[in-house]
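Listed here are the chains, written in short residue letters.
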Amino acid sequence: MRSVTILGATGSVGRSTLDLIERNRERFEIVALTARRDIDGLIELATRFQPRRAVIGDEAHLLRLRDALAGTDVEAVGGEGAIVEAAAMGADWMMAAIVGTAGLRPVMRALESGQIVALANKEALVSAGALMTEAARRHGATLLPVDSEHNAIFQCLHADRLETVRRIVLTASGGPFRSWPLERIRTATPAEAVAHPNWSMGAKISVDSATLMNKGLELIEAFHLFPVGVERLEVVVHPQSIVHSLVEYVDGSLLAQLGPPDMRVPIAYTLAWPERMETPCQRLDLAAAGRLDFEAPDLGRFPALALAKAALAEGGAKPAILNAANEIAVASFLECRIGFLDIATLVGEVLAGYAPGAPGSIDAVLEIDREARRAATDLIGKFAH
Ligand code: NDP
Ligand code: MG
């Protein structure tokens, strides 16, 4: 029996995690489920799964949560602080599936309490990677990557023999605009950007896949998870999303993890780790898939990837700035306030604007994050159309 907490339970990754748990109910005890404002979703999940605690981030919904759960054994609490507390309730395993920098404090808290943290919240590693990995080491916590590429690398990597790794290759689907000419990409709408060819995901990460910023954030994530050095990290476009990433060793062997494009596969790997568990995912039919294509990413049409590479190379606060500016740019694009290509331009301008030193604490990361968001918001007017 493993006790589990799921932060961001109402989201895409959170619900996939609960789907697997529901199919293996006898193996898991649920400690806490959290959401921000999807009160109906949280009430439904808390009623169905009976966690010890249900947490709503937005306190305006707390009364409704209390009413709905009155008479059950589920404790209803609310507020940002309550989400951080939920991360340290002593579960054996925690899924960090909050989107954005809101995940930083809870993830840090879970690492400090020495648990197994299944990390989907990539922003935690992008903005505060050095602090997070150091906290995991200091407190004996285990970080299991959920992001499909990093989960693939984790499965292929002999972590105790990093000196035998020649390079790590992250695959990118290329997103919905992979073969679109630049002029058509310029007028892409939010609906087109969110329509990912292979994966069904939350809106923000879907837009990031369309700009290739997602792959840039993942390069930074990989840099912290697998310390082989930035020069040994590469990206290749693989439109079928069947090979989820690869590790090349010094003898020329390349190990890859293949699977259907279903997040329940990497999530199951972390849920059962170090064992494996069955999933209901469609099995990969190689003969039906027929072929695997690979191509180099086009940094001209997808400049976000180059921006992320530069931010990683510069280090310090740059990755946190990149992430924050990108969140503002993506939200503005989704609200139709800026165009698709403006996302990368805006992020580039914010990055060029200033360069604070490397943050030494989560508070410092969040301050840099706020500052970069302000800078990005100030620039939106310039792009508004
Ligand atoms: P969703 O937008 O579907 O879900 C986000 C979850 O986080 C929801 O439960 C949401 O609650 C909660 N949340 C959002 N903002 C806050 C906040 N400020 N405070 C507390 N909780 C909050 O996202 P995804 O599931 O797609 O992604 C989650 C994370 O996993 C992201 O970091 C993403 O990059 C990463 N990831 C996702 C993949 C995918 O396939 N979806 C693949 C790889 C990584 P509410 O519903 O109430 O708003
Ligand atoms: Mg990914």
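All residue numbers refer to positions counted from 1 along the written sequence of the respective chain. Chains and ligands are labelled sequentially in the order written, the chains with letters from A and the ligands with numbers from 1. With pLDDT at 70 or above as the cut-off, local features in this predicted model cover only qualifying residues; side-chain atom pairs require 80 or more to be listed or tallied, and sums for whole chains, interfaces and linings still use all residues. With hydrogens and water stripped out, all remaining heavy atoms of the structure feed into the side-chain values.

Undergrad: Whenever I open this one, the overall build of the protein confuses me. Can you help?
TA: Helical segments are the DSSP runs of H or I of at least four residues, strand segments are the runs of E of at least two, and each set is numbered from the N terminus. In terms of regular secondary structure, the protein is built from 17 helices and eleven strands. In this description the radius of gyration comes from C-alpha coordinates, and the expected globular size is given by 2.2 Å times residues to the power 0.38. The C-alpha atoms of the protein give 20 Å as radius of gyration, which agrees with the globular expectation for 385 residues (21 Å, within 12%). A principal-axis box enclosing the C-alpha atoms of the protein has dimensions of 60 × 50 × 40 Å. Among the 385 residues that make up the protein, the fraction classed as buried is 57%. Contacts between residues were defined by any pair of non-hydrogen atoms, one from each residue, lying within 4.5 Å. Considering only intrachain contacts with a sequence separation of at least 6, the fraction spanning at least 24 residues in the protein is 68%. Three labels apply to residues, based on accessible area from a 1.4 Å probe with only protein chains included: buried if under 20% of the type maximum, exposed if over 50%, partly exposed otherwise in between.

Undergrad: Looking at this structure, I do not really get the pairing of strand E5 (residues 93-96). What am I missing?
TA: Along a regular strand, successive side chains alternate from one face of the sheet to the other. Of the two faces of E5, the one holding Trp93 and Met95 and the one holding Met94 and Ala96 are both buried throughout. The rule for pairing is simple: two strands pair if DSSP sees at least two bridges between them. Where strand E1 (residues 2-7) lies against E5, four bridges are found, and the strand directions are parallel. Counted as the bridge partner of isoleucine 6 is methionine 95 from E5. We call a crossover right-handed when, viewed with both strands directed away from the observer, the connection leading from the first strand over the helix to the second proceeds clockwise. The parallel pair E5 and strand E6 (residues 116-119), bridged by helix H5 (residues 104-112), forms a crossover whose chirality is right-handed.

Undergrad: Even after reading the chapter, I still don't get the sheet that holds strand E9 (residues 233-237), so can you show me in this structure?
TA: Sheet strands pair via backbone hydrogen bonds, and the direction of the pair is either parallel or antiparallel. Strand order in the open sheet made by the four strands is E9-E8-E10-E11, with mixed pairing throughout. With one partner strand each, in any of the chains shown, E9 and strand E11 (254-258) form the two edges of the open sheet. Neighbour to neighbour, the strand axes of the sheet diverge by 20° on average, direction disregarded. The convention used is that axes are lines fitted to C-alpha atoms, helices contributing only their stretch in contact, and that angles between N-to-C directions extend from 0 to 180 degrees.

Undergrad: Help me understand the coordination of the magnesium ion (ligand 2), please; the structure alone is not making it clear to me.
TA: Ideal coordination angles are 109.5 degrees for a metal with four donors arranged tetrahedrally and 90 or 180 degrees for a metal with six donors arranged octahedrally. Coordination of the magnesium ion (ligand 2) by the protein involves Asp147 (OD), Glu149 (OE) and Glu218 (OE), with metal-donor separations of 2.1 to 2.2 Å. Of note, the magnesium ion (ligand 2) draws all its donor residues from one chain, in the sequence arrangement D-x1-E-x68-E. Of this pair, glutamate 149 sits in helix H7 (residues 148-156) while glutamate 218 sits in helix H11 (residues 213-225), and the two are 69 residues apart along the sequence. The same class applies to glutamate 149 and to glutamate 218, which are both buried. Atoms are scored as donors when they are N, O or S and lie within 2.8 Å of the metal, with 3.2 Å used for Na, K and Ca; no water is included, so coordination may look incomplete.

Undergrad: Would you explain the sheet that holds E1 in this entry?
TA: Spatially, seven strands are ordered E4-E3-E2-E1-E5-E6-E7 in an open sheet, and the strand pairing comes out parallel. In this open sheet, the two edge strands, each paired with only one partner strand, are strand E4 (75-78) and strand E7 (142-145). Taking the axes of each pair of neighbouring strands and ignoring which way they run, one obtains an average angle of 20° across the sheet. As defined by bridge partners, E5 adjoins E6 across four bridges and the pair is classed as parallel. Across the sheet, alanine 96 pairs through a bridge with leucine 119, a residue of E6.

Undergrad: Would you mind going over the side chain of histidine 224 with me for this structure?
TA: Note that histidine 224 resides in helix H11. Accessibility expressed as a relative area gives 19% for histidine 224, which makes it buried. Leave out the neighbours within four places in its chain, and histidine 224 touches Leu125, Gly129, Ala130 and Thr133.

Undergrad: Please explain the environment of valine 243 as it appears in this structure.
TA: Along the chain, the position of valine 243 falls in strand E10 (residues 243-249). Assessed through its relative accessible area of 3%, valine 243 is described here as buried. Distance in space between the C-alpha atoms of valine 243 and leucine 143 is 22 Å, their sequence separation being 100 residues. Apart from residues no more than four positions distant in its own chain, valine 243 is found in contact with Thr171, His238, Ala256, Gln257, Leu258, Leu292 and Phe294.

Undergrad: How should I be thinking about the pairing of E4 in this particular structure?
TA: Judged from the four bridges that link them, strand E3 (residues 53-56) and E4 form a sheet pairing that is parallel. The residue of E4 that forms the bridge with arginine 53 is glutamate 75. The parallel pair E3 and E4, bridged by helix H3 (residues 62-69), forms a crossover whose chirality is right-handed.

Undergrad: Sorry, what's going on with the side chain of glutamate 123 here?
TA: As for its position among the elements, glutamate 123 is in helix H6 (residues 122-139). A relative accessible area of 5% means that glutamate 123 is categorised as buried. By the criterion applied in these results, polar contacts are pairs of N or O atoms within 3.5 Å in which, for protein atoms, one can donate a hydrogen and the other can accept it, and in which residues neighboring in sequence qualify only through two side-chain atoms. Within the structure, glutamate 123 has its side chain in polar contact with the side chain of asparagine 121 (distance 3.1 Å). Excluding anything up to four places from it in sequence, glutamate 123 contacts Val99, Gly100, Thr101, Leu104, Ala128, Lys204, Asn323 and Glu327.

Undergrad: Explain the packing of helix H15 (residues 318-334) against helix H16 (residues 340-353) to me, please; I cannot follow it from the model alone.
TA: Running from amino to carboxyl end, H15 crosses H16 at an angle of 150°, the nearest separation of the two axes being 9 Å. Helix-helix and strand crossings are classified by hand; for H15 and H16 the assignment is right-handed. On H16, the residues that touch Lys318, Ile321, Leu322, Ala325, Asn326, Ala329, Val330 and Phe333 of H15 are Phe340, Ile343, Leu346, Val347, Val350 and Leu351. Among the residues forming the contact of H15 with H16, the class breakdown is twelve nonpolar, one polar and one charged. Two helices cross in a left-handed way if the nearer one is turned anticlockwise from the farther one by less than a right angle. They cross in a right-handed way if the turn is clockwise. Classes in brief: Ala, Val, Leu, Ile, Met, Phe, Trp, Tyr, Cys and Pro nonpolar; Asp, Glu, Lys and Arg charged; the others, Gly included, polar.

Undergrad: Teacher, can you tell me more about unusual backbone geometry here?
TA: Across residues other than glycine, the phi torsion is negative in most instances, and most of the peptide bonds are trans. The residue after tryptophan 273, namely proline 274, is reached through a cis peptide bond having omega 5°. Position of proline 274 relative to the elements: it lies in the loop between helix H12 (264-272) and helix H13 (286-289). With a phi angle near 50°, glutamine 50 is a residue other than glycine that sits in the positive phi range. Positionally, glutamine 50 belongs in the loop between helix H2 (39-49) and E3. Its identity is not glycine, yet leucine 212 carries a phi of approximately 75°, on the positive side.

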